[in-house]
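Examining the three-dimensional arrangement
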Amino acid sequence: MNKTISAFISGIGSEVPATVITNEDLAQLVDTSDEWIRSRTGIQARRQASPELAASDLATIAGQRALETAGINADELGAIIVATSTPDMVFPSTGCVIQKNLQATNAFAYDLSDACSGFLFALSNGSQYVESGMCQHVLVIGVDLMTRITDFQDRNTCVLFGDGAGAVVISGSKETGGVLGTQLGTDGRFGEILQVPAGGSRMPLTEENFSERKQFIHMNGSEVFKLAVRSMEQAALQLLDHTGVSLKDIDWLVPHQANKRIIETLGKRLQIPGERVFMNLQHYGNMSAASIPVALDEAWRKGLILPDQLILMLAFGGGLTWGASLAKWSLPPQS
Ligand code: ACO
C-alpha cells in the first residue's frame with residue numbers, strides 16, 4: 001500500500017516495579033525449583049507491583065517517558081490506546097485514567113484486551129489513526145499486572161508471569177518508514193486453553209468460584225506452546241510476504257517474552273540467528289501486553305536497535321490471538 005503519511009515510532013518508555021520475585025522465592029510457595037523454571041522457561045526472576053499500585057500507575061510513568069523521548073507534550077496527543085488484561089477496574093477504562101494523569105486533554109482514550117498480543121493490536125490501531133490523518137500523535141501502551149491474576153498455589157502458572165508497562169508514541173510523517181505492516185489473527189475456538197474463567201459476565205465472582213480459584217489464569221501449557229510457535233511463524237511469513245521484505249533483511253526479532261524455548265524454536269524455524277533475537281524474559285517473565293514494548297525499550301536504551309534497522313515483532317496470547325508487526329526504527333541512539 002502506498003501511504004501518503006507513515007506512522008513512525010517517535011518515542012518509547014517503560015516501567016517495571018522494584019520488587020523482584022526470584023525462582024527461589026517461588027520454590028518456598030510451590031513444589032518447584034530454580035533449575036526446573038530456568039530449564040523449561042528461561043525465567044530467573046519477575047517483578048511484582050506493590051499492593052497500592054494499579055496498571056495505570058505503571059502505564060502513566062511509561063507513557064511520560066515515551067512522551068519525553070518523542071519530545072512532545074501530552075496535550076499534543078490525539079489518542080491513547082491501552083492494551084491490558086488487568087485494567088484498574090471494569091470502568092472507567094485505564095486509558096481514561098492515564099489521560100487524566102498525563103493531562104492529555106485533547107486525546108480520546110480506550111482499552112483493548114487480546115491478552116499478550118494486545119500491544120500489536122493497539123499498535124495497529126494507533127498506526128492507522130496516524131496514517132489516515134485522524135491523529136498526528138498517538139500513545140500506545142501495553143500494561144499488565146499479571147501477578148494480580150496469577151495463582152501462587154499453582155506451579156504450572158505462577159512461575160511464568162510478572163508485572164510491567166511499556167509505551168510508544170506513534171507520530172505521522174510524510175517520509176516513508178515507521179510501521180511498515182501488521183498481520184493480526186485470532187481463533188476463538190481455542191479460548192479454553194488459556195483463560196481467566198471468573199470475574200466477567202459469564203461467571204461473576206462468587207464465594208464459590210473464588211474458593212475454586214477461578215479468578216486466576218488457567219492454562220494448558222503444552223497446547224499453548226505448540227500453537228504459539230505455529231501462529232507466530234505463520235503471521236511472520238504472511239507479513240513478510242505482504243511487505244516484500246525477506247527474512248535475511250530483518251535486523252532484530254523482538255518477540256513476546258513468554259518462554260525461551262518458544263522463542264528459540266521460532267528463531268530456528270524462521271532462520272533468524274540467536275544474536276538477532278532480543279530476549280529479556282530472564283529478568284521479567286511474561287508481562288503479557290507489556291512484554292514487547294518493554295523489550296523494545298530495553299533493546300533501544302542498550303544501543304542494540306539502531307536507526308533504519310528492520311524490527312520484526314511477534315506476539316501470541318489468550319483468545320487465541322496473535323500478531324506480527326514490522327517497523328523501520330527511526331529513534332536515534334540514546335546519548
Ligand atoms: N515446577 C516443577 N514442575 C512443574 C512446574 C513447575 N513450576 N510446572 C509444571 N510442572 C510439572 C507438571 O506438573 C508436569 O508434571 P507431571 O508430568 O507429573 O504431570 C511436568 O512438569 C511437565 O509438564 P509439561 O507441561 O509437560 O512441561 P513443559 O515442558 O511443557 O513446560 C511450560 C511447561 C513451561 C508451562 C510450557 O508448556 C510453556 O511454557 N508453555 C507456554 C506457556 C505460555 O507461554 N503461556 C503464556 C503464553 S500466552 C500469554 O502470554 C498470555
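Residues numbered from 1 in each chain as written. Predicted model: local features only at pLDDT ≥ 70, side-chain atom pairs only at ≥ 80, totals over all residues. Heavy atoms only, no water.

1. Looking at the pairing of strand S13 (residues 321-328)
What counts here: We call a residue buried when its accessible area falls under 20% of the maximum for its residue type, exposed when it is over 50%, and partly exposed in between, using a 1.4 Å probe and counting protein chains only. Strands here are runs of E lasting at least two residues and helices are runs of H or I lasting at least four, both read from the DSSP assignment and numbered beginning at the N terminus. Think of it this way: DSSP has to see at least two bridges between two strands before they count as a pair.
Counting buried positions along S13 gives seven out of eight residues, so the element sits mostly inside the fold. Where strand S8 (residues 178-186) and S13 come together, eight bridges link them in antiparallel fashion. Opposite threonine 182, over in S13, you have serine 325 as the bridge partner. Pairing geometry for strand S12 (residues 310-317) and S13, over eight bridges, is antiparallel. When the sheet's bridge partners are listed, alanine 315 is paired in S13 with glycine 323. Where S12 folds back on S13, the antiparallel hairpin that results is connected by three residues, among which glycine 319 adopts a positive phi of roughly 150°.

2. Here's the deal with the pattern of salt bridges
Operational definition: A pair is scored as a salt bridge if a Lys or Arg side-chain nitrogen falls within 4 Å of a carboxyl oxygen belonging to Asp or Glu.
According to the stated counting rule, one finds 13 salt bridges in the structure shown. With a shortest N-O distance of 3.7 Å, aspartate 249 and lysine 248 are connected by a salt bridge. Looking at lysine 248, the relative accessible area reads 65%, which means it is exposed. Two residues, arginine 301 and aspartate 297, come together in a salt bridge whose shortest N-O distance is 2.7 Å.

3. Quick look at the packing of helix H3 (residues 55-70) against helix H4 (residues 94-102)
Filter applied, for reference: Axis definition: a line fit to C-alpha positions, over the contact stretch in the case of helices; interaxial angles, taken between N-to-C directions, run 0 to 180 degrees. Roughly parallel means an angle under 35 degrees; roughly antiparallel, over 145; roughly perpendicular, 65 to 115; everything else is oblique. Handedness of a crossing follows from how the near helix is turned relative to the far one, being left-handed for an anticlockwise turn of less than a right angle and right-handed for a clockwise one. Throughout, a residue-residue contact means that at least one pair of heavy atoms, one from each residue, lies within 4.5 Å. In this classification, the charged set is Asp, Glu, Lys and Arg, the nonpolar set is Ala, Val, Leu, Ile, Met, Phe, Trp, Tyr, Cys and Pro, and all remaining amino acids, among them Gly, are polar.
Where H3 contacts H4, the two axes come as close as 9 Å, and the packing angle between them is 55°. By the angle between their axes, H3 is oblique relative to H4. For the pair H3 and H4, the sense of crossing is right-handed. Counting all contacts with H3, which are made through Ala55, Ser56, Ala59, Thr60, Gln64 and Leu67, the residues of H4 involved are Thr94, Val97, Ile98, Asn101 and Leu102. Split into classes, the residues belonging to the contact of H3 with H4 amount to six nonpolar, five polar and no charged.

4. Some words on the sheet that holds strand S1 (residues 6-15)
On the basis of which strands lie adjacent, the open sheet formed by five strands has the order S1-S7-S6-S4-S5 and mixed pairing. Bordering the open sheet on either side are S1 and strand S5 (108-112), each of which pairs with just one other strand. For this sheet the average axis-to-axis angle between neighbouring strands, irrespective of direction, equals 20°. By the bridge criterion, five bridges tie strand S4 (residues 79-83) to S5 in an arrangement that is parallel. Each residue of the ladder has a partner; that of alanine 83, found in S5, is leucine 112. Each of S1, S4, S5, strand S6 (137-145) and strand S7 (163-173) touches helix H5 (residues 118-131); the most contacted strand, S6, lies at about 170° to it.

5. Regarding the site of the ligand
Stated precisely, the cut-off is as follows: One heavy atom within 4 Å of a molecule or strand is enough for the residue carrying it to be called near that molecule or strand. Within 3.5 Å is the distance limit for a polar contact, defined as a pair of N or O atoms, with the added protein rule that one can donate a hydrogen and the other accept it, and that residues adjacent in sequence qualify only through two side-chain atoms. Here the accessible surface of atoms and residues is derived via Shrake-Rupley with a 1.4 Å probe, and residues count as covered only by protein chains that are part of the display.
Near the ligand, the surroundings consist of 23 residues, among which Thr32, Arg40, Cys116, Asn259 and Asn286 are the closest. Here a nitrogen atom of the ligand and a backbone polar atom of arginine 155 are 2.9 Å apart. Here an oxygen atom of the ligand sits 3.1 Å away from a polar atom, N or O, in the side chain of arginine 261. Relative to its unbound accessible surface of 1000 Å², the ligand loses 73% to contact with the protein. Put simply, the parts of the chain that give the shell around the ligand at least two residues each are helix H2 (34-41), helix H6 (155-158), helix H8 (221-243), helix H9 (260-270) and S12. No other element matches the four residues that H8 contributes to the shell around the ligand.

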